[in-house]
Amino acid sequence: MAELIRLYEENPNPKQVQKVVDVLKKGGLVIYPTDTVYGLGCDITNSKALQRIARIKGVKLAKANWSFICADLSNLSDYVRQIDSPTFKILKRTLPGPYTFILPGNNNLPKDFKKKKTVGIRVPDNAIARALVTGLGHPIVSTSIHDDDDILEYTTDPELIFEKWQNLVDVVIDGGYGDNVASTVIDLSGDEPEVIREGKGSLDIY
């Protein structure tokens, strides 16, 4: 059964953050707040944890399109091929923020993502999510948690999230009410930016 851990975005308690980081390091699954909807994540280098998420989501790991949650843009070159100056300017202007940018992946992607030509990068404007990544030392994989109720596509109440997910994950972070609008997804891997999903982030990215 999962543990419910309360964290405040204004000042995430370092001891509690470390507790969650330790769970991630052991291959645990964590539900955490972002600047949009709550996300389900794990260590991007842990195959068993990634397989668990794939089973929960009902997808094959090889076909899963999950994004990497990063603390900032400093580790971009670890996973992304060199990008041109206009593309980098878009990232600098919009991140941290409610966007997922699809970028060309490089040869250093973790083994479970090696066959992917692109990678989704997220730098959420949420101190809790970024503190987890900083503590872990590399990104965490991210996929949104959908609600079965079509009216409420994303669950926003952490206590309801805990009730529903407590037997599937290891930690649910209560970081207050989440949003019910997902991130805006923009593909920057081609010649021109392409909007894949319109979400919380403005389309005025220039």
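Residues numbered from 1 in each chain as written. Predicted model: local features only at pLDDT ≥ 70, side-chain atom pairs only at ≥ 80, totals over all residues. Heavy atoms only, no water.

- As annotated in an unreviewed UniProt entry, the chain carries the name Threonylcarbamoyl-AMP synthase and comes from Flagellimonas marinaquae.

What about the environment of Ser67?
Now for step 1: Looking at the element boundaries, Ser67 is found in strand β4 (residues 67-69).
Now for step 2: Distance from Ser67 to Thr118, taken between C-alpha atoms, is 10 Å for residues 51 residues apart in sequence.
Now for step 3: Setting aside residues no more than four positions away along its own chain, Ser67 makes contact with Thr100, Gly120, Arg122, Ile140, Val141 and Ser142. (Helix = DSSP H or I, 4+ residues; strand = E, 2+ residues; numbered from the N terminus. Contact = heavy atoms within 4.5 Å.)

A word on the pattern of salt bridges
Side-chain pairing between opposite charges can occur once the charged atoms of the two side chains come close.
Now for step 1: Under the criterion given, the structure shown has six salt bridges.
Now for step 2: In this structure, Asp125 and Arg130 form a salt bridge, with 4.0 Å as the shortest nitrogen-oxygen distance.
Now for step 3: Under the relative-accessibility criterion, Arg130 is labelled partly exposed at 22%. (Salt bridge = Lys/Arg side-chain N within 4 Å of Asp/Glu carboxyl O. Buried < 20%, exposed > 50% of the residue type's maximum accessible area, 1.4 Å probe, protein only.)

Digging into the side chain of Thr87
Now for step 1: Looking at the element boundaries, Thr87 is found in helix α4 (residues 85-94).
Now for step 2: A relative accessible area of 13% means that Thr87 is categorised as buried.
Now for step 3: The contacts of Thr87, once residues within four sequence positions are left out, are Leu103 and Leu188.

Let's talk about helix α6 (residues 158-165)
Now for step 1: Turning to α6, its buried residues number three or more, namely Pro158, Ile161, Phe162 and Trp165. Around the axis of α6, the buried residues are gathered within 100° of arc, so they sit on the same side.
Now for step 2: In the core, the buried residues of α6 are packed alongside β1 (3-6), β2 (30-32), β3 (39-43), α2 (47-57) and β8 (171-174).
Now for step 3: Its side-chain oxygen placed 2.9 Å from the backbone nitrogen of Glu159, Asp157 serves as the N-cap of α6. (Arc of directions from axis to C-beta. Polar contact = N/O pair within 3.5 Å; in protein donor to acceptor, adjacent residues only side chain to side chain.)

Notes on the environment of Asp78
Now for step 1: Here Asp78 shows up in helix α3 (residues 76-79).
Now for step 2: Judged by relative accessible area, which is 33%, Asp78 ranks as partly exposed.
Now for step 3: For the pair Asp78 and Gly105, spaced 27 residues apart in the sequence, the C-alpha separation amounts to 9.2 Å.
Now for step 4: Setting aside chain neighbours within four positions, we find Asp78 in contact with Asn106 and Asn108.

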